Amino acid sequence: AGDALVSQYLGKYGALALKGQLYAAYTTAVALSLPATATIGCMVWNRPGSGVRVHLLEWASQIYATDADCTGVVLAAGYQTTTPTTVTAATFYGRTLVSDIVANPGRVSCYNIATVLTAPLAIMLLHHNTAAINTVGQENMSGSFGGGVILEEGAFATTAAHGAAAAAGWAGHLLFAEIPK
């Protein structure tokens, strides 16, 4: 423990991936909601008893259908110790160390849709969206959290709409590390 594999060829997340601690949650074809108790977006919930801290590393977001109201995408965060209800699992959630024909999930839960007890708070703007964007082309927006957003057990983070809910044309992902406590 404590040893890190360092190489110019592996990139900044190579050691985490090789140790099986790097995960992706991917969501597609949803109507991104505002931060609300009925969340629709890419959500990572670090359930109580997981034994890990979740370090958010990177994000990507794409609005690929004309939307006259959604002016951007935010990261929202909240906390609850009970399992969210009315859930739809994330389109994909699993390790980025691919070793099987199925996804290998970790210790947390990831959703496209979840109902939480208290609406999450928007904590940072991820990107702007020009209202009524032309659907001839889409622009993929992405960025880094640099590991600076950490979810303790019971905490969750989700992507959410800014301004107004988006049409059913949003896709995105959260890349994160699950680090044992």
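Bear in mind the structure is a predicted one, so any value in this text is a computation, not a measurement.

1. Quick notes on the nonpolar core
And then number 1: Ranked by internal contacts, the top residues of the largest apolar core, which has 29 residues, are Val44, Leu56, Val108, Cys110, Phe145 and Phe176.
And then number 2: Of all the secondary-structure elements, those providing two or more residues to this core are strand S1 (22-30), strand S2 (38-45), strand S3 (52-63), strand S4 (72-79), strand S9 (141-151), strand S10 (155-162) and strand S11 (170-180).
And then number 3: No other element matches the five residues that S3 contributes to this core.
And then number 4: Of all hydrophobic cores here, the second largest spans seven residues; its members include Ala17, Ala24, Leu57 and Ala177.

2. Things to note about the sheet that holds S1
And then number 1: With respect to topology, five strands assemble into an open sheet ordered S6-S1-S11-S3-S9, the strand pairing being antiparallel. Here the strands that pair on one side only, and so sit at the sheet edges, are strand S6 (92-95) and S9. Averaged over all adjacent pairs, the angle separating strand axes in this sheet is 15 degrees, with direction ignored.
And then number 2: Pairing of S1 with S6, which is carried by four bridges, proceeds in the antiparallel orientation. Each residue of the ladder has a partner; that of Tyr26, found in S6, is Phe92.

3. Re a nonpolar patch on the surface
And then number 1: On the surface, a cluster of nonpolar side chains totalling about 280 Å² of accessible area is made up of Leu121, Ile123 and Met124.
And then number 2: Structurally, Met124 is set in strand S8 (residues 121-128).
And then number 3: By relative accessible area, which is 31% here, Met124 ends up partly exposed.

4. Some points on the sheet that holds S8
And then number 1: One open sheet holds the six strands; their spatial order is S5-S7-S2-S10-S4-S8, and the pairing between them is antiparallel. Of all strands in the sheet, those with a lone pairing partner are strand S5 (85-89) and S8, marking the two edges. Pairs of neighbouring strands in the sheet enclose a mean axial angle of 30 degrees, with direction left out of account.
And then number 2: Note that S4 and S8 share six bridges and pair antiparallel. Counted as the bridge partner of Val74 is Leu125 from S8.

5. Thoughts on the side chain of Gln21
And then number 1: Here Gln21 is to be found in the loop between helix H1 (14-18) and S1.
And then number 2: Owing to a relative accessible area of 14%, Gln21 belongs among the buried residues under this scheme.
And then number 3: Setting aside chain neighbours within four positions, we find Gln21 in contact with Leu16, Phe176, Ala177, Glu178, Ile179 and Pro180.

6. A word on the packing of aromatic side chains
And then number 1: Applying the stated criterion to the full structure yields three aromatic pairs.
And then number 2: When the centroid spacing of 5.9 Å and the interplanar angle of 40 degrees are considered together, the rings of Tyr23 and Tyr93 count as tilted. Of this pair, Tyr23 sits in strand S1 while Tyr93 sits in strand S6, and the two are 70 residues apart along the sequence. For the pair Tyr23 and Tyr93, one class covers both residues: buried.
And then number 3: Aromatic pair Tyr93 and Phe176: ring centres 6.1 Å apart, planes at 20 degrees, arrangement stacked. Remark: Phe176 occurs in strand S11 and Tyr93 occurs in strand S6; sequence separation between them is 83 residues. Take Tyr93 and Phe176: they sit in the same class, and that class is buried.

Conventions we followed
Residues numbered from 1 in each chain as written. Predicted model: local features only at pLDDT ≥ 70, side-chain atom pairs only at ≥ 80, totals over all residues. Heavy atoms only, no water. Core = buried A, V, L, I, M, F, W, Y, C linked by side-chain atoms within 4.5 Å. Buried < 20%, exposed > 50% of the residue type's maximum accessible area, 1.4 Å probe, protein only. Helix = DSSP H or I, 4+ residues; strand = E, 2+ residues; numbered from the N terminus. Pairing = 2+ DSSP bridges. Axes fitted to C-alpha atoms, helices over the stretch in contact; angles between N-to-C directions. Patch = residues over 30% accessible without salt bridge, like charges linked within 9 Å, V, L, I, M, F, W, Y side chains within 5 Å. Areas by Shrake-Rupley, 256 points an atom, 1.4 Å probe, with all protein chains shown as cover. Salt bridge = Lys/Arg side-chain N within 4 Å of Asp/Glu carboxyl O. Contact = heavy atoms within 4.5 Å. Phe/Tyr/Trp six-rings, centres within 6.5 Å; stacked < 30°, edge-to-face > 60°.

So yeah, pure geometry; function would need other evidence.
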